[in-house]
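Understanding the architecture of this molecule
The lines below spell out each chain.
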Amino acid sequence: MSNPDNTPLFSRGTYTQPGASFPEVGASSAPLTSAAFFIGAFCKEYNEDFMLCKAENADPRHCLKEGRKVTRCTIDLLAKLKANCGDQFKAHWTCLDNKNHELNRCRAEERAFNQCVFDKLGLSKHIPDTPKGEEPIHLKSRPIFDY
Amino acid sequence: MSAPQQPYVQDMPPQGGFARVQYKRNIPARGPSGAALFAGLTAIVAYGWYWNIQGIRERREIRREQTWARIHLVPMLQAEQDRHEARMLAQQEEIERKAMKDVPGWKVGEKVYHTDRYVPPTVLVADNKFLNLF
């Protein structure tokens, strides 16, 4: 609506080197939060490459190549999510928008969305470091904090 | 007078005498014993504590989930910010090149620190009006 060119708003009007424009992700916070675990699963190698590169040298110009790969992967995944599970995706991030981006308040929509993504794209949500012997919070059948 | 008189009614005590008047205190011990009360109290407190601790653990897991969602988004957001900063630095270098082109012996983009690590700029002069000023 207010960003037809899909450029980050903070870069609007700043210097662009000739021939160096690059399509940015353009998603707002709710769809990104909703797709976060799938971004982590789908783009794992690129994310790790980028973070290792950043650990070597914090200069922004040092890791531009890996950064571009990360952004391309994220754009790819978001396009796939929209094409395959568009309705459930939109339902989940609309719910998140209304619930302060608290993931535990939108479990019903999340269940439908995760099921669709698993069926169509084969990606599943995994929370690392969950203590063994407990079911993960997003799969718990009778949570105490049940909104 | 010795004529037989009518029988008359007197206010006499009832047959067998009056009942005993209770004047001593009568507070019988009743209800659960002290031990039973303590046990019941302990049970209620333990029940409350158990669910409180379960709630704390669940809140920890919710927090873990929220944090991991943010962690997974960090590379993408950092890459975006890196491109923005690289653009700003390039613009600043261009302004510097234009401003100092008549100054002999000036190296554009020369490091001002004696370290190899990247030092984020304190001041970024990256505005189009400076580009066109020189």
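Note on numbering: residues in each chain are counted from 1, in written sequence order. By the order in which they are written, chains take letters starting at A while ligands take numbers starting at 1. Local features in this predicted model are restricted to residues of pLDDT 70 or higher, and side-chain atom pairs are both shown and tallied only at a pLDDT of 80 or more, whereas totals for entire chains, interfaces and linings draw on every residue. To get the side-chain values, all heavy atoms of the structure are used, and hydrogens and water are removed first.

1. A closer look at the overall build of chain B
A run of DSSP states H or I qualifies as a helix once it reaches four residues; a run of E qualifies as a strand once it reaches two. Both are numbered from the N-terminal end. When helices and strands are tallied, chain B shows two helices and zero strands. Expected size for 134 residues packed as a compact globule is a radius of gyration near 14 Å; at 49 Å, chain B overshoots this value by more than 25%. For chain B, the spread of C-alpha atoms along the principal axes amounts to about 165 × 35 × 25 Å. The buried share of chain B, taken over its 134 residues, is 22%. A contact between two residues is defined here by any heavy atoms of the two lying within 4.5 Å. Contacts spanning at least 24 positions in sequence make up 73% of the contacts within chain B whose residues lie at least 6 apart. Accessible area of chain B: about 11300 Å², with a carbon and sulfur share of 59%. We treat Lys and Arg as the positive residues and Asp and Glu as the negative residues; His and chain ends play no part in the count. Working definition for charges: the position is that of NZ of Lys, CZ of Arg, CG of Asp or CD of Glu. Counting 19 positive and 14 negative side-chain charges, chain B places the centres of these two groups 16 Å from one another. Values of the radius of gyration come from C-alpha atoms, whereas the globule rule sets the reference at 2.2 Å times the count of residues to the power 0.38. Categorising residues by exposure relies on relative accessible area from a 1.4 Å probe, with only protein chains included: less than 20% of the type maximum marks a residue as buried, more than 50% marks it as exposed, and the intermediate range marks it as partly exposed. Reported accessibility uses the Shrake-Rupley method at a 1.4 Å probe radius. Residues are deemed covered only where the shown protein chains occlude them.

2. Some points on the pattern of salt bridges
Salt bridge, as used here, is a side-chain nitrogen of Lys or Arg placed within 4 Å of a carboxyl oxygen of Asp or Glu. Considering all chains together, one arrives at 17 salt bridges over all chains under this definition. The closest approach of N and O atoms between Asp-76 of chain A and Lys-80 of chain A, which form a salt bridge, is 3.3 Å. Remark: Lys-80 of chain A and Asp-76 of chain A occur in helix α3 (residues 64–98); sequence separation between them is four residues, near one turn of the helix. The partly exposed category is assigned to Lys-80 of chain A, whose relative accessible area is 30%. Shared partners join several salt bridges into a network, and the residues in it are Arg-107, Glu-110 and Lys-125 of chain A together with Glu-65 of chain B.

3. As for the interface of chain A and chain B
The interface of chain A with chain B comprises 51 residues on the first partner and 37 residues on the second. Between chain A and chain B we count six salt bridges in total. With a closest N to O distance of 2.9 Å, Lys-54 of chain A and Asp-82 of chain B form a salt bridge. Breaking the side of chain A that touches chain B down by element, the ones donating at least two residues are α1 (29–42), α2 (44–56), α3 and α4 (107–121) of chain A. As a working rule, the residues Ala, Val, Leu, Ile, Met, Phe, Trp, Tyr, Cys and Pro are called nonpolar, Asp, Glu, Lys and Arg charged, and the rest polar, with Gly in that last group. Classifying every residue of the side of chain A that touches chain B by side-chain character gives 23 nonpolar, 16 polar and 12 charged.

4. Concerning a nonpolar patch on the surface
Judged by side-chain polarity, Ile-144 of chain A together with Tyr-47, Tyr-50 and Trp-51 of chain B come together as a nonpolar surface patch covering roughly 460 Å² of accessible area. Here Tyr-47 of chain B is to be found in helix α1 (residues 34–99). With a relative accessible area of 58%, Tyr-47 of chain B lands in the exposed category. A patch is a set of surface residues, each over 30% in relative accessible area and not in a salt bridge, joined within 9 Å for like charges and within 5 Å for the nonpolar side chains Val, Leu, Ile, Met, Phe, Trp and Tyr.

5. A short note on the packing of α1 of chain A against α2 of chain A
Packed helix pairs are specified by the crossing angle of their axes together with the interaxial distance, meaning the distance between the axes. Residue and element names in this part refer to chain A. Where helices are involved, their axes are fitted lines through C-alpha atoms of the stretch in contact, as for all axes, and angles between N-to-C directions lie from 0 to 180°. Two elements in contact, α1 and α2, have axes whose closest approach is 5 Å; the angle formed by their N-to-C orientations is 80°. Classified by the angle between their axes, α1 and α2 sit roughly perpendicular to one another. Contacts between α1 and α2 involve Ile-39, Gly-40, Ala-41 and Phe-42 from the former and Lys-44, Glu-45 and Asn-47 from the latter. Tallied by class, residues from the contact of α1 with α2 come to three nonpolar, two polar and two charged. Throughout, the term roughly parallel applies to angles under 35 degrees, roughly antiparallel to angles over 145, roughly perpendicular to angles from 65 to 115, and oblique to all others.

6. Considering the UniProt feature "transmembrane region" (unreviewed entry) in chain B
In this structure's numbering, the residues bearing the UniProt feature "transmembrane region" (unreviewed entry) are residues 34–53 of chain B. Each end of residues 34–53 of chain B is marked by a C-alpha atom, and these two atoms are 28 Å apart; helix forms 100% of the span and strand 0%. UniProt positions are given in the numbering used here, feature names are shortened, and annotations may be inferred rather than shown by experiment.

7. Quick look at the confidence of the model for chain B
The predicted model of chain B has a mean per-residue pLDDT of 89, with 97% of residues at 70 or higher. Of the two predicted TM-score estimates for the complex, the pTM is 0.83 and the ipTM is 0.90. As a per-residue quantity, pLDDT reports the predictor's confidence and falls between 0 and 100.

8. A closer look at the nonpolar core
As used here, the term nonpolar core means buried Ala, Val, Leu, Ile, Met, Phe, Trp, Tyr and Cys residues forming a set that is joined through side-chain atoms within 4.5 Å. Within the largest apolar cluster, 33 residues are counted, with the highest numbers of intra-cluster contacts made by Ile-39, Leu-78, Leu-81, Phe-113 and Val-117 of chain A. Looking at this core, the elements that each hand over two or more residues are α1, α2, α3 and α4 of chain A together with α1 of chain B. Tallying contributions element by element places α3 of chain A first for this core, with nine residues. When neighbours within four sequence positions are excluded, Leu-78 of chain A is seen to be in contact with Val-25, Ala-27, Leu-32, Ala-35 and Phe-89 of chain A.

9. Regarding the state of the cysteines
Residue and element names in this part refer to chain A. Any two cysteine sulfur atoms lying within 2.5 Å of each other are counted as a disulfide. Taken as a whole, this structure holds four disulfides over all chains when the rule is applied. The side chain of Cys-95 participates in a disulfide bridge whose partner is Cys-106; the two sulfur atoms lie 2.0 Å from each other. Disulfide Cys-95-Cys-106: the torsion about the S-S bond is -95°, which places it as left-handed. With a gap of 11 residues between them, Cys-95 in helix α3 and Cys-106 in the loop between α3 and α4 connect regions that are remote in the sequence. The class for Cys-106 is buried, based on a relative accessible area of 0%. The disulfide pattern of chain A is 1-4, 2-3, 5-8, 6-7 when the bonded cysteines are numbered in sequence order.

10. Remarks on unusual backbone geometry
Residue and element names in this part refer to chain A. A positive phi angle, close to 60°, is found at His-101, a residue other than glycine. Here His-101 is to be found in the loop between α3 and α4. For Asp-129, which is not glycine, the phi dihedral falls at a positive 65°. Mapped onto the elements of the fold, Asp-129 is located in the segment after α4.

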